[in-house]
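Chain residues, written in single-letter form:
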Amino acid sequence: MLVLAGASVNAQTYTNGDWGYTVSNGEATITEYIGGGGVVTIPSSVNGIAVAQVGGGNTPIQGWWLNSQTISSITISQGISRIGKYAFYQSSLASVDIPNSVNSIGEYSFYYCTNLTALRIPNSVVRIDDGALCGLPELTSFTLESPNSSFTYQNGVLFNNDQTLLIVAYPKCLSGATYTIPNTVTSIGVLAFLGCFSSPFYILSSLSSSSFLSSSSSSSASSSASSFSSLYRDWETARKRVV
């Protein structure tokens, strides 16, 4: 087959039951959910092909907006290793079960899942991309499985392992009227404080705006660049709360 320079070849999409998927290198990626919603289990295989990833790129598996408001609970089957970009973006999820086979969580994959109240991250996860776990205003329980060599979680805030990167803070998990960023922190993740500033005030130590403009929520060296505009909005909001 001749492929012209600059041309793109779209992967063929197949269906199996409630799922749309693509196949690459003998592995399937779940790209679409076409079922009736409710309590859903993402299968470990489709048509005999092992599923490696859920979420295929720039579209949530249920599509955008109102189409994403039917799944209440997701169980990701053991063996799936990646949660892709935008996988559950703005979905109606109230609960999700992530197995210890998952090693990466893509950009904005759980962003603004406003019904999600509890989240457990297994210690198999070594990469969390920008905005993946942000915008969860009702989250009251966050569990980071131990032992964990990639991340730490303290007092409602998720960091990378050496606490140089503050990945995300959860407003309902923070205790007290103030929060002091540890002196070890040199950068802040995209939208890390989204929803936190309805509380009276937060102490943000001596970080400068540049600290908000160089971060990424991934523990991997190959992480993507942060969005300047999103980080700037975080900084402008945070700066007004420095005490």
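Every chain begins its residue count from 1, and numbering advances along the sequence as written. Predicted model: local features are reported for residues with pLDDT of at least 70 only, side-chain atom pairs are reported and counted for 80 or more only, and whole-chain, interface and lining totals are derived from all residues. Think of the side-chain values as coming from all heavy atoms in the structure, minus any hydrogens and water.

For helices the rule is a DSSP run of H or I covering at least 4 residues; for strands it is a run of E covering at least 2, with both sets numbered from the N terminus onward. What the chain contains, in helices and strands, is one helix and 17 strands. By the burial criterion, 48% of the 243 residues in the chain qualify as buried. Whether two residues touch is decided by their heavy atoms; if any such pair falls within 4.5 Å, the residues are in contact. Long-range pairs, those at least 24 residues apart, make up 44% of the contacts in the chain between residues at least 6 apart in sequence. Only the protein chains shown count as cover for residues, and all accessible areas are computed by the Shrake-Rupley method using a 1.4 Å probe. Summed over its atoms, the accessible surface of the chain is roughly 11,100 Å², and 49% of this surface lies on carbon and sulfur atoms. Each residue is assigned to one of three classes by its accessible area relative to the maximum for its type, calculated with a 1.4 Å probe on protein chains only: buried under 20%, partly exposed between the two thresholds, exposed over 50%.

Turning next to the pairing of strand S2 (residues 19-24). Both strand S1 (residues 14-16) and S2 contribute to a ladder of three bridges, which runs antiparallel. Bridge pairing links threonine 15 to glycine 20 in S2. Hairpin remark: S1 followed by S2, antiparallel, with two residues in the connecting loop; positive phi at glycine 17, about 65 degrees. As defined by bridge partners, S2 adjoins strand S3 (residues 27-33) across six bridges and the pair is classed as antiparallel. Bridged to tyrosine 21 within S3 is isoleucine 30. If you look at the hairpin formed by S2 and S3, you'll find two residues sitting between the two strands, and asparagine 25 has a positive phi there, around 50 degrees. Any two strands are treated as partners once DSSP identifies two or more bridges connecting them.

Pairing is parallel in the open sheet, where three strands are placed in the order S4-S7-S9. The outermost strands of the open sheet, each flanked by one partner alone, are strand S4 (38-42) and strand S9 (95-97). Ignoring which end each strand starts from, the neighbouring axes of this sheet average 15 degrees apart. Direction of pairing for S4 relative to strand S7 (residues 71-76): parallel, over a ladder of five bridges. By the bridge assignment for S7, valine 40 is matched with isoleucine 74. To get an axis, a line is fitted to the C-alpha atoms, and for a helix only the part in contact is used. The angle between two axes follows their N-to-C directions and goes from 0 to 180 degrees.

Below, the discussion takes up the environment of leucine 158. Looking at where leucine 158 falls in the secondary structure, it is placed in strand S15 (residues 157-160). With 34 residues separating them along the chain, leucine 158 and alanine 192 place their C-alpha atoms 9.2 Å apart. If near-sequence neighbours (up to four positions away) are discounted, leucine 158 is found in contact with Ile128, Leu133, Phe142, Leu144, Phe151, Thr152, Tyr153, Leu165, Leu166, Ile167 and Val168.

Mapped onto the elements of the fold, serine 73 is located in strand S7. Judged by relative accessible area, which is 15%, serine 73 ranks as buried. Separated by 33 residues in sequence, serine 73 and valine 40 have C-alpha atoms that sit 6.0 Å apart. In contact with serine 73, not counting residues within four places along its chain, are Gly38, Val39, Val40, Leu93 and Ser95.

On to the sheet that holds S15. With respect to topology, four strands assemble into an open sheet ordered S14-S15-S16-S17, the strand pairing being mixed. In the strand order of this sheet, the two ends are held by strand S14 (151-154) and strand S17 (187-188), each with one partner. Two strands pair when backbone bridges link them, and S14 and S15 are joined in this way by four bridges, in the antiparallel orientation. Residue pairing in the sheet places glutamine 154 in a bridge with valine 157 of S15.

Nine residue types can take part in a nonpolar core, namely buried Ala, Val, Leu, Ile, Met, Phe, Trp, Tyr and Cys, and a core is a set of them joined through side-chain atoms within 4.5 Å. In terms of nonpolar packing, the biggest core is built from 50 residues, with Ile83, Phe88, Phe110, Leu119 and Leu133 touching the most fellow members. Elements supplying a minimum of two residues to this core: S2, S3, S4, strand S6 (49-54), S7, strand S11 (118-121), strand S13 (141-144) and strand S16 (165-169). Apart from the residues lying within four places of it in its own chain, the contact partners of phenylalanine 88 are Ile42, Val54, Ile61, Ile74, Ile76, Ile83, Leu93, Ser109, Phe110 and Cys113. Within the second largest apolar cluster, twelve residues are counted, among which are Phe159, Leu174, Val185 and Cys196.

This part is about the confidence of the model for the chain. In this model, the chain carries an average pLDDT of 80, and 74% of its residues clear a pLDDT of 70 or more. The pLDDT score gives, residue by residue, the confidence of the prediction method on a 0 to 100 scale. Scored below 50 in pLDDT, residues 1-9 makes one contact in the model with residues more than four places away or belonging to other chains. Scored below 50 in pLDDT, residues 209-243 shows 83 contacts in the model against residues more than four places distant or in partner chains.

Moving on: unusual backbone geometry. Of the consecutive residues serine 146 and proline 147, the connecting peptide bond is found in the cis state with omega at -10 degrees. With respect to the helices and strands, the residue proline 147 is situated in the loop between S13 and S14. Even without being a glycine, tyrosine 86 presents a positive backbone phi close to 65 degrees. Phi is positive for asparagine 155, which is not a glycine, with a value near 50 degrees.

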